[in-house]
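Working through the structure, step by step
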Amino acid sequence: MIVRVLKVGIVTAMTLLIYACGGGGVPEDATGEEIYVQVCARCHGEDLQGGTGLALVGEDARSIDKPERYFVQSISAGIGRMPSFRGTLNEEQILRVTRYVMERQGR
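Below or above, wherever it landed, is the structure these notes cover. A quick note: this is a predicted structure, and the numbers were derived from the prediction, not measured.

Things to note about the side chain of Ser 63
- Assignment of secondary structure puts Ser 63 in the loop between α2 (32–44) and α3 (68–77).
- For Ser 63, the side chain forms a polar contact with the side chain of Gln 105, separated by 3.3 Å.
- Setting aside residues up to four positions removed in sequence, Ser 63 forms contacts with Leu 56, Tyr 70, Phe 71, Gln 105 and Arg 107.

Structure follows, in structure tokens:
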């Protein structure tokens, strides 16, 4: 019984975290920038400088030299405190937002 309650609590917390960070309801044809603003900006900042989530640009950005597959994997499966967005974004949307971030990084 306790295990079941814990599982329900974890699922609920993860769902709330995803919605708190802007997940859900992304148009199929949204641009990378639109996806970033709707899904990523609350945690990573409107200017990609970080907040709850890590900075993606600037001196504090630790992902500045990471390959495209790093971002795709991180967004798809989650990394650290960042949840998976596999259920929120499709593969093409993940690729678009990845390329948007990398473009903003100057790559």
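Brief notes about unusual backbone geometry
- In this structure, Leu 48 is a non-glycine residue whose phi angle is positive, near 65°.
- By secondary structure assignment, the location of Leu 48 is in the loop between α2 and α3.
- What makes Leu 48 buried here is its relative accessible area of 0%.

A few points about the side chain of Gln 105
- Mapping Gln 105 onto the fold places it in the segment after α4 (91–104).
- Here the side chain of Gln 105 touches Arg 107 through a polar contact of 2.6 Å, side chain to side chain.
- If near-sequence neighbours (up to four positions away) are discounted, Gln 105 is found in contact with Leu 56, Val 57, Ser 63, Ile 64 and Phe 71.

Looking at the layout of surface pockets
- By volume, the largest pocket is sized at about 620 Å³.
- Along the wall of the largest pocket there are 27 residues; nearest its centre are His 44, Gly 53, Leu 54, Ile 79 and Met 82.
- For the lining of the largest pocket, the secondary structure elements donating two or more residues are α2, α3 and α4.
- Among the elements that take part in the lining of the largest pocket, α2 stands out by supplying 5 residues, more than any other.
- Here the lining of the largest pocket is composed, by residue class, of 18 nonpolar, 6 polar and 3 charged.

Topic: the packing of α2 against α4
- Two numbers describe how α2 lies on α4: the axes approach to 8 Å, and their chain directions differ by 95°. With respect to α4, the axis of α2 lies roughly perpendicular. From α2, Gly 32, Glu 33, Ile 35, Tyr 36 and Cys 40 reach across to α4, where they touch Gln 93, Arg 96, Val 97, Tyr 100 and Val 101.

Quick notes on α2
- Over its 13 residues, α2 extends only 14 Å from the first C-alpha to the last, a length that falls short of the 18 Å expected when each residue adds 1.5 Å.
- The principal kink in α2, of about 50°, is found at Gln 38.
- Restricting attention to buried positions, one finds in α2 the residues Gly 32, Ile 35, Tyr 36, Val 39, Cys 40, Ala 41, Cys 43 and His 44.
- In this structure, the buried side of α2 is in contact with α4.
- Phi turns positive one or two residues past the end of α2, at Gly 45, with a value near 90°.

Conventions adopted
Residues numbered from 1 in each chain as written. Predicted model: local features only at pLDDT ≥ 70, side-chain atom pairs only at ≥ 80, totals over all residues. Heavy atoms only, no water. Helix = DSSP H or I, 4+ residues; strand = E, 2+ residues; numbered from the N terminus. Polar contact = N/O pair within 3.5 Å; in protein donor to acceptor, adjacent residues only side chain to side chain. Contact = heavy atoms within 4.5 Å. Buried < 20%, exposed > 50% of the residue type's maximum accessible area, 1.4 Å probe, protein only. 1 Å grid on protein atoms, 1.4 Å probe; cavity = no way out; pocket = protein on both sides within 12 Å on 5 of 7 lines; lining within 4 Å. Points joined across faces, edges and corners; volume = space filled by probe spheres on them. Nonpolar A, V, L, I, M, F, W, Y, C, P; charged D, E, K, R; others polar. Axes fitted to C-alpha atoms, helices over the stretch in contact; angles between N-to-C directions. Parallel < 35°, antiparallel > 145°, perpendicular 65-115°, else oblique. Expected span 1.5 Å × (residues − 1). Bend = angle between axes of the 7 residues up to and from the residue.

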